[in-house]
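Analysis of the macromolecular model
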Amino acid sequence: MAYSDRELLARLVQCEAGGEGENGMKAVASVVMNRVHTPGGEYARVGQGSLRNIIFQPGQFVCASETENGQYNSQNIYNMRPEAIHYEIADWAMAGNRLSPLGQALWFYNPYSPLCRENFPSEVGIFTHRIGDHCFYDPLDAYFQT
């Protein structure tokens, strides 16, 4: 089944941040849409303004993959059953809204510890905020050379 962009984003938000509350889910949706609209770097080249290309770019979102390290990944977008809140957040983000403290964040990850590392990934992103269990990172100038 070919999901609409709205459906894909709602499923990804639920899968990646369903337990992080409304702000956590909005933060993840903001990162996805920031990648769709970034003016340069890898995401502009690979994504070409397409939400679908961004979500399915290999190695980016665990939830977009049915297998991880050769094993079935049961927590994937195909197994999600989005609720009204997930669609509302997808609509909110697709309408151009972003969670204000995040700025142009292009990355997030869960460090499974109370500390966020300063740079992620490598030296192209700098820590900006923590929301729930996720650390968020803005691009540095070096990102736009990727």
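Computed from a predicted structure; not experimentally measured.

For the rest of this paragraph, the subject is the state of the cysteines. A full pass over the atoms with the stated rule returns 2 disulfides. Across a sulfur-sulfur distance of 2.0 Å, Cys116 and Cys135 are joined as a disulfide pair. Note on the Cys116 and Cys135 pair: the S-S dihedral is about -80°, so by sign convention the disulfide is left-handed. Note that Cys116 is positioned in the loop between strand S3 (107–109) and strand S4 (125–131) and Cys135 in strand S5 (residues 134–139), a separation of 19 residues in sequence.

Take helix H5 (residues 84–94) next. Residues of H5 that are buried include every one of His86, Tyr87, Ile89, Ala90, Trp92 and Ala93, and no others. On the buried face of H5, the contacting elements are helix H1 (5–17) and helix H2 (21–37).

Before going further, it helps to spend a moment on the sheet that holds S3. With antiparallel pairing, 3 strands are arranged side by side in an open sheet as S3-S5-S4. Two strands in the sheet have a free side with no partner beyond their single neighbour: S3 and S4. Between one strand axis and the next, the sheet turns by 30° as a mean value, whatever way the strands run. Examined bridge by bridge, S3 and S5 share 3 bridges and lie antiparallel to one another. In the strand pairing of S5, Tyr109 is matched with Cys135. Of the strands in this sheet, S3, S4 and S5 are in contact with H2, which crosses S3 at around 140°.

Here we take up the packing of aromatic side chains. Two aromatic rings, taken as a pair, are described by how far apart their centres are and by the angle between their planes. Applying the stated criterion across every chain, the model contains 11 aromatic pairs. Where Phe127 meets Tyr137, the ring centres are 5.8 Å apart and the plane angle is 65°; that geometry is what we call edge-to-face. One end of the pair, Phe127, is in strand S4; the other, Tyr137, is in strand S5, and 10 residues separate them in sequence. Within the aromatic cluster, the residues linked to one another by ring pairs are Tyr43, Trp107, Tyr143 and Phe144. Across from the ring centre of Trp92, 4.8 Å away, lies the NZ or CZ of Lys26, which sits over that ring. Sitting above the plane of the Tyr109 ring, Arg117 keeps its charged end 5.5 Å from the centroid.

Inspection of the entire model under this criterion finds 4 salt bridges. For the salt bridge of Arg52 with Asp5, the shortest nitrogen-to-oxygen distance reads 3.7 Å. Taken together, the positions of Arg52 in helix H4 (residues 51–55) and Asp5 in helix H1 put the pair 47 residues apart, joining distant regions of the chain. Measuring nitrogen to oxygen at the nearest pair gives 2.7 Å for the salt bridge that ties Arg11 to Glu7. One end of the pair is Arg11 and the other is Glu7, both in helix H1 and 4 residues apart, which spans about a single turn. Owing to a relative accessible area of 7%, Arg11 belongs among the buried residues under this scheme.

With that out of the way, let us pick up the packing of H1 against H2. Contact geometry for H1 and H2: axes closest at 9 Å, N-to-C directions at 125°. On the basis of the axis angle, H1 is oblique to H2. With respect to the hand of their crossing, H1 and H2 are arranged in right-handed fashion. From H1, Leu9, Leu12, Val13, Glu16 and Ala17 reach across to H2, where they touch Gly21, Gly24, Met25, Val28, Ala29, Val32 and Met33. Of the residues contributing to the contact of H1 with H2, the split by class is 9 nonpolar, 2 polar and 1 charged.

So, how was this worked out
- Every chain begins its residue count from 1, and numbering advances along the sequence as written.
- In keeping with the predicted nature of the model, local features appear solely for residues at pLDDT of at least 70, side-chain atom pairs appear and are counted solely at 80 or more, and the whole-chain, interface and lining totals rest on all residues.
- Side-chain calculation: all heavy atoms of the structure are included, whereas hydrogens and water are not.
- A pair of sulfur atoms, both from cysteines and within 2.5 Å, is called a disulfide here.
- Put simply, DSSP H or I for four residues or longer makes a helix, DSSP E for two residues or longer makes a strand, and each gets a number counted from the N terminus.
- For the exposure calls, accessible area comes from a 1.4 Å probe over protein chains only, and a residue counts as buried if that area is under 20% of its type's maximum, exposed if over 50%, partly exposed in between.
- Every residue pair with non-hydrogen atoms within 4.5 Å of one another is taken to be in contact.
- When DSSP locates at least two bridges between a pair of strands, those strands are taken to pair.
- Axis definition: a line fitted to C-alpha atoms, over the contacting stretch in the case of helices. Angles run 0 to 180 degrees between N-to-C directions.
- Each Phe, Tyr or Trp ring (for Trp, its six-membered ring) is paired with any other whose centre lies within 6.5 Å, and the angle between the two planes then decides the class: stacked below 30 degrees, edge-to-face above 60, tilted in between.
- Counted as over-ring charges are cases with an Arg CZ or a Lys NZ within 6 Å of the ring centre that also lie within 35 degrees of the ring normal.
- Any Lys or Arg side-chain nitrogen found within 4 Å of a carboxyl oxygen on Asp or Glu counts as a salt bridge.
- If an angle is under 35 degrees, it is roughly parallel; if it is over 145, roughly antiparallel; if it lies from 65 to 115, roughly perpendicular; otherwise it is oblique.
- Less than a right angle of anticlockwise turn of the near helix away from the far helix marks a crossing as left-handed, whereas a clockwise turn marks it as right-handed.
- Any residue outside Ala, Val, Leu, Ile, Met, Phe, Trp, Tyr, Cys, Pro, Asp, Glu, Lys and Arg is labelled polar, Gly included; the first ten of those are nonpolar and the last four are charged.

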